[in-house]
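Structural features, examined
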There are 4 protein chains.
Amino acid sequence: MKVAEMIAPGIQGIRTTTRPLGLVGRGEALVRVHAMSLNYRDVLIAEGLMPLQYPRVPLSDASGEVVEVGEGVTRVRPGDRVCPIYYQDWMSGPIAPSKLLRDRGGTCDGVATEMLIIAQEELVKIPAHLSYVEASTLPCAALAAWSAVMDSGKAKPGQRVLVQGTGGVSLFSLQFARMAGADVIMVSSSEAKLDRARALGASSGINYIETPDWATAVLDLTAGRGVDLIVDVIGPSTIEKSMAAVASGGVISQVGVLSGFTINVPVLPLMSKSVRIQGVINGNREAFEEMMSAVAMHEMRPVLDRTFALERLPNALEHMKSRSHIGKLTISME
Amino acid sequence: MKVAEMIAPGIQGIRTTTRPLGLVGRGEALVRVHAMSLNYRDVLIAEGLMPLQYPRVPLSDASGEVVEVGEGVTRVRPGDRVCPIYYQDWMSGPIAPSKLLRDRGGTCDGVATEMLIIAQEELVKIPAHLSYVEASTLPCAALAAWSAVMDSGKAKPGQRVLVQGTGGVSLFSLQFARMAGADVIMVSSSEAKLDRARALGASSGINYIETPDWATAVLDLTAGRGVDLIVDVIGPSTIEKSMAAVASGGVISQVGVLSGFTINVPVLPLMSKSVRIQGVINGNREAFEEMMSAVAMHEMRPVLDRTFALERLPNALEHMKSRSHIGKLTISME
Amino acid sequence: MKVAEMIAPGIQGIRTTTRPLGLVGRGEALVRVHAMSLNYRDVLIAEGLMPLQYPRVPLSDASGEVVEVGEGVTRVRPGDRVCPIYYQDWMSGPIAPSKLLRDRGGTCDGVATEMLIIAQEELVKIPAHLSYVEASTLPCAALAAWSAVMDSGKAKPGQRVLVQGTGGVSLFSLQFARMAGADVIMVSSSEAKLDRARALGASSGINYIETPDWATAVLDLTAGRGVDLIVDVIGPSTIEKSMAAVASGGVISQVGVLSGFTINVPVLPLMSKSVRIQGVINGNREAFEEMMSAVAMHEMRPVLDRTFALERLPNALEHMKSRSHIGKLTISME
Amino acid sequence: MKVAEMIAPGIQGIRTTTRPLGLVGRGEALVRVHAMSLNYRDVLIAEGLMPLQYPRVPLSDASGEVVEVGEGVTRVRPGDRVCPIYYQDWMSGPIAPSKLLRDRGGTCDGVATEMLIIAQEELVKIPAHLSYVEASTLPCAALAAWSAVMDSGKAKPGQRVLVQGTGGVSLFSLQFARMAGADVIMVSSSEAKLDRARALGASSGINYIETPDWATAVLDLTAGRGVDLIVDVIGPSTIEKSMAAVASGGVISQVGVLSGFTINVPVLPLMSKSVRIQGVINGNREAFEEMMSAVAMHEMRPVLDRTFALERLPNALEHMKSRSHIGKLTISME
């Protein structure tokens, strides 16, 4: 079967090759992969964020069809449309180190392959209204956004949520916040991106190129109150403005590190506004299933940018690095 | 000024008379009342639910315009459109007996009058899109629904909420649950009422006359799972079905007593499904303000049934008793 | 190996016999059972609460030593002192019907046997300071008490907790509430029992034989405020007094059904005090492990009543039915 | 009456003088001040943290006896022993900018005076077992510790809490965490301080002079798990070690700024451990009353360092700056 492999550090260290298909064991399912999606962590991993054992199959997010099941499998059957979960051992309950040991495309082989053999517990069914390409975008970015907006943020009607840019986590956060009845303000770098955000339900867009002091613009938009939740995917370069723009008692969900690895948090507003800064990293399978129910109920569709063939995975990762995309970059096997 | 008074037990013990207008004291505002709304508790109180000191001005819910303010008033100014809060001493924080001592139209004189003198802390501003008649429906029923759906129920996208009938609390609960992204199932007695519920966003309606075993119908609609939240305004006659229709880990928010004063709760499903039965009674001023923000953000409009003149208050209460209404019964002073 | 079996309805339908020992499979451990403990549910099950497939091994609670492990076992090793969890499939996260399908001594064979073969995921290690007999009391009653006091009740310093009688759940609730810094009031039927409760840290004891109106006594003890949490193991006969004795915003954790299967809840105080009635039934493995950490940290010891030999299990169950015990009834295999 | 005043920036800009006593108005009480206590914020304010309107009476924390009440006062009566609350407008509910406008010894005159005229709503009664000097330590530091440990940290039996040094907030946090059944690890600079912490119930002490890498020592003490809660009063110089020492899903309550005003938070562990950093600043009056109930129930006594006369307030502040104290520095008027 066709498979992509990282064989050396760097995006150009990825090649497409073939591997033999293994046997489907007890409790496992064989899934024909129809689509995959990319996350910024795939760029970081390809570029050497952490030591890898080469060759390593990249990517964490995919969707596909169950084509065969092993003995004792009850959760899925052939024909089911499914996504694998991101953290293979995080089924339920709060985060714990033992639940994060295995993540696809990082500590374990990923999903950039034609066929996956996977434990039944690690599969979740896909809402009927979604295509495979759409569904492939959900395991990592959408669930992180869901956790940021629903669990750490507890967005609800009457609240205001701020999202940054038009990457996957930000657009999913926008969509989930709207779904939960909250108002959304988007901060981004171009009118085209802001128009897209407005089309998805954002009430306001702030162009940070034209309005570098976007925190003051946020206060103006909110009668001086600030926003109840900021889903921060950027990190260092935004934290000071985020602290200024967040309301008393508000939350900053930190879900990304696009601009670096240390945030310099001013302590006085942290204390005097009792702000909570909450690290967020994906979620458990039960949360994924809850999210899927919400996505199905609202017939929500992920925002898709370009779709690539598997052989063009390095190009897709370069495209992600350029940050010119709006929504998710995907790989289609069809 | 014109005022309605209860002078004897029973709906027919209500008359319209006049009283002199008092002086506006420090920290107080004079409000010209434009509209009032009725709640089932007004029927119960008129009929002698608790001993009253006669004469007593009935009704808790009103809206009006500030026409004069006393010394030291900063929260409102003349021209502001406002509602008084329901529990006069419940500004913030959790429920406490000391915060419930004074409620209008019960332990204190109510709002069925042309002019109200009222402490500034007890006033909340009305969203711009609402008429006075619409706004008058919010202090009691809407806030109880908000507390039931948002605080005790924590409705969110992907969840399912069940509401019963087309009284004020039920329709507000439907609207708030939809606003928060949840799916709503309505149980009611007629197709006309169910059609109205569907028009407000309910995904399903169950006619309990045709389908007396509505709990089984709910399980059928939810793939056997049951609903996450039931806003129960009925009490005794529904609790057994509610316990059958609620999901594991679900909540029954008890907000009303239409059918009596004791609910016979089966303990085994209470335990084996870890159900929470949560008594709900209105909310504090901060919750009222949050709700107002949500109502404004979503331009939500209360469902209105008939509007009466103040002199016809007894007729309005009789109409409420008949339970043929859909939405709120109101009094207009215009 | 020696094993007890229910072969017909009724406590006298239990006999001791022998069964062959099975094979230890992949992921399983062989545990030599040293002790077991009894719960009131064992009486109810023996007496026919639900249909059983005979013969059925009774009892859910045990402790023992791992003597052999199957292939792939990493959670335990020979020599480890362990307890099995109560619900075999409830590892983590909120309650769900699929997690409650298997409970020992009910839907599945129980622990009243010399040797158990058990999946490694279902075993939890025992704190070092506890004997086997002491540890055997923890899986059902202690975890239910932990859930009632810590999760549904969130007991903390300054709060007041009321417990009823001297059964297992009540005494564990007393101990956990004290551990969490709360004050405890015990309601019981004899001075001997109340003395025991005081020795365990209860600040007050109310003899309900001498003071049938114990709710008023509770209000007197709490300056009219009532208690923040009631762990109710009785059900029908106490709910009215519980509703009177609970504080505004308080919680009644319903963990038992000693007096029947329906509680008649007065709705007006439920609403006007915003009381929460929370069904509680055991907890997940993660909660069990948290509880074990707390028990170890505080070197807490369960209160033991009489210990029986396995052959005398029917006598032990009869003793439980008589309700003359203080604390847990146990079976020792030594 | 005797009063201390800040008349110029710097600790030496404080002098003792006299002012005339005002009139007790409606809703107010006259309180004879018996004791005051110092907080590090008093040093920061004296040294010019924010612009002040001179002369300004310093200090926020006091205790005293009600000697006279104005018209309409019902909360207190002459003879009552009381403390004023810290934020004069934060009675209940979540933090909001409007509730923090007035704080004594900062934006308003403080308590460093013989007599205080104060609104009845701002007074809370003192537990009987405490002396005035002891009680004076509670409004600022103890309530901040209570909020950090109980509200943002939700300490409970089985959890581990880390506190830093022997200032007021740290020792109160130690005491409250123990009260709530948690284990406490103290990190401090001397054996004398660690001994004192052990005497108050800390299970372990780490001397960061001898063990600069105290985070690794914490991991060793907790089987690699880390602590559930860190009450961080230091800020910049500790955050990196705090992030290493906190458990997955743990909380860092930021309650102080002893070492500077910006914390450099490493984002990867923030995310991969889903850590919450929660700014904490005092609490509302209802929380203060809850804390007082807990202090009374446990007969908890604040740890006192030296006591000064009012005239020696500058010396007391210098002593605080030296950070050689263990527990609270106080002023006695007796």
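For the structure, see preceding data.
What you see is a predicted model; the values in this text were computed from it and never measured.

1. Focus: the pattern of salt bridges
- Across all of its chains, the model carries 88 salt bridges over all chains by this definition.
- One salt bridge in this structure joins B:Asp109 and B:Arg19, with 2.9 Å as the shortest N-O distance. Taken together, the residues span a long stretch of sequence, with B:Asp109 in the loop between β5 (81–84) and β6 (115–119) and B:Arg19 in the loop between β2 (14–18) and β3 (28–37) at a distance of 90 residues.
- Classification of B:Arg19 by relative accessible area gives partly exposed; the value is 24%.
- Among the ionic pairs, D:Arg160 bridges to D:Asp183, the shortest N-O distance being 3.8 Å. Here the residue D:Arg160 occupies a position in strand β8 (residues 160–164), and D:Asp183 occupies one in strand β9 (residues 183–188), the gap between them amounting to 23 residues.
- Look at D:Arg160 and you get partly exposed, because its relative accessible area is 26%.

2. Describing the sheet that holds strand β11 (residues 227–232) of chain A
- Sheet architecture is open: 12 strands sit in the order β10(A)-β9(A)-β8(A)-β11(A)-β12(A)-β14(A)-β14(D)-β12(D)-β11(D)-β8(D)-β9(D)-β10(D), paired in mixed fashion. The sheet terminates laterally at β10 (204–207) of chain A together with β10 (204–207) of chain D, the two strands that pair on one side only. Strand-to-strand twist in this sheet, taken as the mean axis angle between neighbours without regard to direction, amounts to 15°.
- Where β8(D) meets strand β11 (residues 227–232) of chain D, three bridges bridge the pair, whose relative direction is parallel.

3. Description of the relation of the copies chain B and chain D
- Overlaying chain B with chain D gives an RMSD of 0.0 Å, the required rotation being 180° about an axis along which the chain moves by 0.0 Å. Taken together, the rotation and translation relating the two chain copies correspond to the operation of a two-fold axis. Within chain B, the C-alpha atom positioned nearest to the axis of rotation is that of B:Gly93, 2.1 Å from it.
- The overlap is high: 100% of the interface residues of chain B also sit at the interface in chain D, so the same surface is used on both sides.

4. A look at the sheet that holds strand β11 (residues 227–232) of chain B
- Read across the open sheet, the 12 strands follow the order β10(B)-β9(B)-β8(B)-β11(B)-β12(B)-β14(B)-β14(C)-β12(C)-β11(C)-β8(C)-β9(C)-β10(C); overall the sheet is mixed. Unpaired on one side and paired on the other, β10 (204–207) of chain B together with β10 (204–207) of chain C mark the two borders of the sheet. Neighbouring strand axes in the sheet, compared pairwise and without regard to direction, differ in orientation by 15° on average.
- For strand β12 (residues 246–254) of chain C and strand β14 (residues 276–279) of chain C, the ladder comprises four bridges, and the chain directions are parallel. Along β14(C), the bridge assignment pairs C:Gln254 with C:Gly279.

5. Notes on the packing of helix α3 (residues 138–152) of chain B against helix α4 (residues 168–179) of chain B
Residue and element names in this part refer to chain B.
- α4 packs onto α3 with a crossing angle of 50° between their chain directions and a minimal axis gap of 8 Å. Compared by their axis directions, α3 and α4 come out oblique. Note on packing geometry: the crossing formed by α3 with α4 is right-handed. Mapping the contact onto sequence places Leu138, Ala141, Ala142, Ala145, Trp146, Val149 and Met150 in α3 and Gly168, Val169, Phe172, Ser173, Phe176 and Ala177 in α4.

6. Regarding the interface of chain A and chain D
- Facing the 31 residues of chain A at the interface are 31 residues of chain D.
- Around 2,500 Å² of area is buried between chain A and chain D when both sides are counted, 68% of it from carbon and sulfur atoms.
- A per-residue breakdown of the area chain A buries against chain D is headed by A:Ile95, A:Val267 and A:Met271, which together make up 21% of the total.
- The interface formed by chain A and chain D holds zero salt bridges in total.
- Run the count over chain A and chain D and you get nine residue pairs in polar contact (both at pLDDT 80 or more).
- Those elements giving two or more residues to the side of chain A that touches chain D turn out to be β12 (246–254), β13 (262–266), α8 (267–272) and β14 (276–279) of chain A.
- Tallied by class, the residues present in the side of chain A that touches chain D amount to 19 nonpolar, 10 polar and two charged.

Definitions and cut-offs
Residues numbered from 1 in each chain as written. Chains lettered and ligands numbered in written order. Predicted model: local features only at pLDDT ≥ 70, side-chain atom pairs only at ≥ 80, totals over all residues. Heavy atoms only, no water. Salt bridge = Lys/Arg side-chain N within 4 Å of Asp/Glu carboxyl O. Helix = DSSP H or I, 4+ residues; strand = E, 2+ residues; numbered from the N terminus. Buried < 20%, exposed > 50% of the residue type's maximum accessible area, 1.4 Å probe, protein only. Pairing = 2+ DSSP bridges. Axes fitted to C-alpha atoms, helices over the stretch in contact; angles between N-to-C directions. Least-squares fit on C-alpha atoms with pLDDT ≥ 70 in both. Contact = heavy atoms within 4.5 Å. Parallel < 35°, antiparallel > 145°, perpendicular 65-115°, else oblique. Left-handed = near helix turned anticlockwise from the far one by under 90°. Buried area = accessible area lost by both parts, 1.4 Å probe. Polar contact = N/O pair within 3.5 Å; in protein donor to acceptor, adjacent residues only side chain to side chain. Nonpolar A, V, L, I, M, F, W, Y, C, P; charged D, E, K, R; others polar.

Spatial relationships are all this shows, so hold off on functional conclusions.
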